[in-house]
Amino acid sequence: QVQLVESGGGTVQAGGSLTLSCVASGRTFTDYTVGWFRQALGKEREFVAAIKRYGGATYYADSVKGRFSISRDNAKRTVTLQMNGLRVEDTAVYYCAADQGLITSSIRIGEQYDYWGQGTHVTVSS
């Protein structure tokens, strides 16, 4: 089991940057793949980025590729989402999620993750 707490959300102007953090409790953090998902008002939840357990391979949605970067610090039990070049359409509630048994082909599917954080709001203004 793992508990997740997101932080770092806020309001930023278009073109700016934010760093989101997801801190996990538990003693087996390295066993978990961690993903970031977001849900904008009136839209369905969508995949943003993920970092796989063990080897730490990374995956990104096409919409954020080249702008966002996901990383993990296993010693700090933290996954970070660095968001650069933010756009108005990035406005959403961002959630981190974790799962111990995901296969790579399912890493972009939110329904496959067992554990979720509470979410942190990101607002990008014009």
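Residues numbered from 1 in each chain as written. Predicted model: local features only at pLDDT ≥ 70, side-chain atom pairs only at ≥ 80, totals over all residues. Heavy atoms only, no water.

What follows covers the overall build of the protein. Regarding its fold elements, the protein presents zero helices and eleven strands. Reading the protein from its N terminus to its C terminus gives the helix and strand order β-β-β-β-β-β-β-β-β-β-β. Its C-alpha radius of gyration of 13 Å places the protein within 12% of the 14 Å reference for a compact globule of 126 residues. By its C-alpha atoms, the protein is 40 × 25 × 25 Å across when sized along the principal axes. The burial tally for the protein puts 45% of its 126 residues in the buried class. Expressed as a percentage of contacts within the protein between residues at least 6 apart in sequence, the contacts between residues at least 24 apart total 60%. Of the roughly 6400 Å² of accessible surface on the protein, a fraction of 47% belongs to carbon and sulfur atoms. Placing the 13 positive and 11 negative side-chain charges of the protein at their respective mean positions leaves the two points 5 Å apart. (Helix = DSSP H or I, 4+ residues; strand = E, 2+ residues; numbered from the N terminus. Rg over C-alpha atoms; globule rule 2.2 N^0.38 Å. Buried < 20%, exposed > 50% of the residue type's maximum accessible area, 1.4 Å probe, protein only. Contact = heavy atoms within 4.5 Å. Areas by Shrake-Rupley, 256 points an atom, 1.4 Å probe, with all protein chains shown as cover. Lys, Arg positive; Asp, Glu negative; His and termini not counted. Charge placed at Lys NZ, Arg CZ, Asp CG, Glu CD.)

On to the environment of Glu 6. With respect to the secondary-structure elements, Glu 6 resides in strand β1 (residues 4-7). Classification of Glu 6 as buried rests on a relative accessible area of 4%. Counting along the chain gives 70 residues from Glu 6 to Lys 76, while the straight-line C-alpha distance between them is 14 Å. Apart from residues lying up to four places away in sequence, Glu 6 is in contact with Ser 21, Cys 22, Trp 36, Tyr 94, Tyr 95, Cys 96, Gly 117, Gln 118, Gly 119 and Thr 120. Here Cys 96 takes part through its backbone nitrogen, which lies 2.7 Å from a polar atom of the side chain of Glu 6. (Polar contact = N/O pair within 3.5 Å; in protein donor to acceptor, adjacent residues only side chain to side chain.)

So, about the sheet that holds strand β3 (residues 18-24). In spatial order, the strands read β1-β3-β8-β7; together these four strands make up an open sheet with antiparallel pairing. In this open sheet, the two strands that pair with only one neighbour each are β1 and β7 (68-73). Each strand of the sheet is rotated relative to its neighbour by a mean of 15°, with strand direction disregarded. Relative to β3, β1 runs antiparallel, the two sharing four bridges. Considered in β3, the bridge of Val 5 is made with Val 23. (Pairing = 2+ DSSP bridges. Axes fitted to C-alpha atoms, helices over the stretch in contact; angles between N-to-C directions.)

This brings us to the pairing of β3. Along any regular strand, the residues point their side chains to alternate faces of the sheet. With five of seven residues buried, β3 is to be regarded as a mostly interior element. Of the pairings in the sheet, the one linking β3 to strand β8 (residues 78-83) comprises six bridges and is antiparallel in character. Bridge pairing in β8 links Ser 21 to Thr 80.

This part takes up the pattern of salt bridges. This model, assessed by the stated rule, comprises five salt bridges. Glu 111 is the partner of Arg 45 in a salt bridge, and the nearest nitrogen-oxygen pair spans 3.4 Å. Remark: Glu 111 occurs in the loop between β9 (92-99) and β10 (115-116) and Arg 45 occurs in the loop between β4 (33-39) and β5 (46-51); sequence separation between them is 66 residues. Between Arg 67 and Asp 90 there is a salt bridge whose closest N-O contact spans 2.7 Å. A residue pair is termed long-range when its members are at least 10 positions apart, and Arg 67 in the loop between β6 (58-60) and β7 and Asp 90 in the loop between β8 and β9 qualify at 23 residues. For Arg 67, a relative accessible area of 12% puts it in the buried group. Each of the salt bridges in this network shares a partner with another, and the network as a whole consists of Arg 38, Glu 46, Arg 67 and Asp 90. (Salt bridge = Lys/Arg side-chain N within 4 Å of Asp/Glu carboxyl O.)

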